[in-house]
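Given next are the chains, with one letter for each unit.
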Amino acid sequence: MQKEIVIYIDGVYYPKSQAKISVYDHGLLYGDGVFEGIRAYEGIVFKLKEHIERLYRSAHAITLKIPISKEEMLKAVIKTIRKNKLFNAYIRLVVTRGVGDLGLDPRKCPKASVIIIADSINLHVTGAKDNGISTMISWVRRNPVDTTTHEIKSLNYLNSILAKIEASLTGVDEAICLDKNGFIVEGVGENLFIVKSGKIFTPPSSTGALEGITAKVATRLAKNMGIEVTEKNITPFQLFTAEEAFFTGTAMEMVPIKEVNNRKIGKGKPGPITKKLMAAFQKVIVDPNEGVPIYN
Ligand code: PXG
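Residues numbered from 1 in each chain as written. Predicted model: local features only at pLDDT ≥ 70, side-chain atom pairs only at ≥ 80, totals over all residues. Heavy atoms only, no water.

K.L.:
Sorry if this is basic, but what is going on with the side chain of Lys47 here?
P.N.:
Assignment of secondary structure puts Lys47 in the loop between β4 (44–46) and α2 (48–61). For Lys47, a relative accessible area of 9% translates into the label buried. Beyond its immediate chain neighbours, meaning those up to four positions away, Lys47 contacts Ile213, Val217, Arg220, Glu290 and Gly291. (Helix = DSSP H or I, 4+ residues; strand = E, 2+ residues; numbered from the N terminus. Buried < 20%, exposed > 50% of the residue type's maximum accessible area, 1.4 Å probe, protein only. Contact = heavy atoms within 4.5 Å.)

K.L.:
In this structure, what is going on with helix α6 (residues 213–224)? I would like to understand it.
P.N.:
An α-helical turn contains 3.6 residues, so any two residues separated by three or four positions project in the same direction. The first and last C-alpha atoms of α6 sit 17 Å apart over 12 residues, in line with the 16 Å expected at 1.5 Å per residue. Residues of α6 that are buried: Ile213, Thr214, Ala215, Val217, Ala218, Thr219, Leu221 and Ala222. Gly226 lies just past α6 and shows a positive phi near 85°. (Expected span 1.5 Å × (residues − 1).)

K.L.:
Help me understand the pattern of salt bridges, please; the structure alone is not making it clear to me.
P.N.:
Pairing of side chains with opposite charge becomes possible as their charged atoms draw close. Counted under the stated rule, the structure contains 11 salt bridges. Of the charged contacts, one joins Arg97 and Asp32 as a salt bridge, the two residues approaching to 2.8 Å between their closest N and O atoms. With a gap of 65 residues between them, Arg97 in the loop between β5 (89–96) and β6 (113–119) and Asp32 in the loop between α1 (26–30) and β3 (33–41) connect regions that are remote in the sequence. Residue class for Asp32 comes out buried when judged on its relative accessible area of 11%. Several salt bridges converge on common partners, so that one network encompasses Lys47, Glu50, Arg220 and Glu290. (Salt bridge = Lys/Arg side-chain N within 4 Å of Asp/Glu carboxyl O.)

K.L.:
Would you explain the side chain of Asn159 in this entry?
P.N.:
Counting through the fold element by element, Asn159 comes out in helix α5 (residues 158–170). On the accessibility criterion, Asn159 (9% relative accessible area) is buried. Here the side chain of Asn159 touches Arg141 through a polar contact of 2.8 Å, landing on its backbone oxygen. (Polar contact = N/O pair within 3.5 Å; in protein donor to acceptor, adjacent residues only side chain to side chain.)

The analysis is restricted to geometry; functional conclusions fall outside its scope.
Right under this line is the structure:
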């Protein structure tokens, strides 16, 4: 039998089946908390420092004090992966507001809880990278920047979940969300890019999209290839008529979009720029300079 993975909760390691938190934790009662999803490739935690920085920025935005420093967090992540003897891994960092009473007031929660899970993950639809995935624009609008904005990676993901449910019920692989003005924002957990006349465009963060770490890497790779990348409001029409479109995200990595609401994107298969970027991305994720080594 395979050994159970161990999970870090507030400095203590518990076997997965015993890793539990209180039902009075406001992370559960109110979705009051923040998280990060991170990947390790071939013994290197890709962009670990950037993810930790974003976790603390999200926490700052909701006035959540993380009880350990960024350096301690980094060490705890590495230790958790080592304890589970993982080489390729998916890491989930969760910081909840902690235990409080049944009222929503966070002042009743004296101490935030830190959870680190290191496990394996595979969110890919079979053949997604080779053939592209089907998508639909969902009726679920992204929360605007003055509500529970996805710029904060908070535990409030019902907005994404509703869109995901709609995609599943419709029989497509993924949903795309619009902002309240009707411009494209992002997928449920991935940023979106389109290609037009050899140039790349992506929605600005004013639409409420998360500033994706994978998106930043993709932008850098494209620029290194001499391809212009511009943040611009994108209409559904502009998406339908794009030559190419693709998603970026920690979980999905880089995946071509072959279809939006039954409209073929380009030729309905991965286009040349997307393919070139995907190849460059495969190289960068295993580059030791792009992350933190687990074993050294
Ligand atoms: N937008 C949103 C709303 C996200 O939650 C991204 C874009 C992509 O960002 P990164 O930094 O990962 O390139 C995300 C990230 C999951 C899961 O379990 C979701 C994310 C990351 C990891 C796992 O579905 N979302």
